[in-house]
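The chain contents come next:
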Amino acid sequence: MDTISRRIAGLFLEQYGDVPIPAGREIFTRDEVKELEKTHFVVELSGKSLKDLVRENDKIAIWTASSFTAVDLDLPSRVGHVALPKELFLQGSGYRVYAEQEAMIEAHAAQTRKRPGLSNLREIVGQVADYAEAVRKVHEKYRKELFGINYGYNYTVALLGSGLVVVGNLCGDRGLYVGTWRRDLRRDDVLVSPLVVPA
């Protein structure tokens, strides 16, 4: 959906409330937002790349491992709504390989879809830029610092294209760390934080 279409859809939502929205949508309905905000932070991402976010460097700095290429840093975030759990990480998802964490997301998503009005949503491991932009958006909207002291300075796994990275350890002036990771690795402080997105 292009920018103009998104704006039109937003105007219709404001004017007429929740109406059927076609598959491939990028925004939650008003009722989905209301239900999700009981347990999640809901923000709208704008398609910024990690390079854009690092360059902006406002409020929350972002620093990356030196092994990332220019192509890696150019990959954009999603455009549209995402929701992150207020608890941030799935319980028990630390010290697991990626395949196990993916299975945990599927099980968690099945429970989420049983909630009133949330049957048309899905949960995913997001791209690194999704988490990086979401951290800033949550800070702006809710005044919460994801991946900081209240979250044990832990990390979530995230995608970088088809590869894996870790995002987290939001610490003081250094900001949010993004580092390399592999599917067969496991550590207590590398958990998974699923993104809820429109189906």
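Everything numeric here is computed off the predicted structure, so don't read it as measured data. (Residues numbered from 1 in each chain as written. Predicted model: local features only at pLDDT ≥ 70, side-chain atom pairs only at ≥ 80, totals over all residues. Heavy atoms only, no water.)

This part takes up the environment of Gln127. Here Gln127 lies in the loop between β4 (121–124) and α6 (128–142). Judged by relative accessible area, Gln127 falls into the partly exposed class, the value being 24%. When the C-alpha positions of Gln127 and Ser162 are compared, they lie 9.1 Å apart, and in sequence the two are 35 residues distant. Among all residues touching Gln127, those that are not within four sequence positions of it are Ala158, Leu159, Leu160 and Gly161. (Helix = DSSP H or I, 4+ residues; strand = E, 2+ residues; numbered from the N terminus. Buried < 20%, exposed > 50% of the residue type's maximum accessible area, 1.4 Å probe, protein only. Contact = heavy atoms within 4.5 Å.)

This part covers the pattern of salt bridges. Applying the stated criterion to the full structure yields eleven salt bridges. The closest approach of N and O atoms between Lys48 and Glu56, which form a salt bridge, is 2.7 Å. The residue Asp52 makes a salt bridge to Arg55 at a minimum N-O spacing of 2.9 Å. Linking Asp52 with Arg55, this pair stays in helix α3 (residues 50–56), spanning three residues, or about one helical turn. Since its relative accessible area comes to 23%, Asp52 is described here as partly exposed. One salt-bridge network, held together by shared partners, links Glu35, Lys38 and Arg115. (Salt bridge = Lys/Arg side-chain N within 4 Å of Asp/Glu carboxyl O.)

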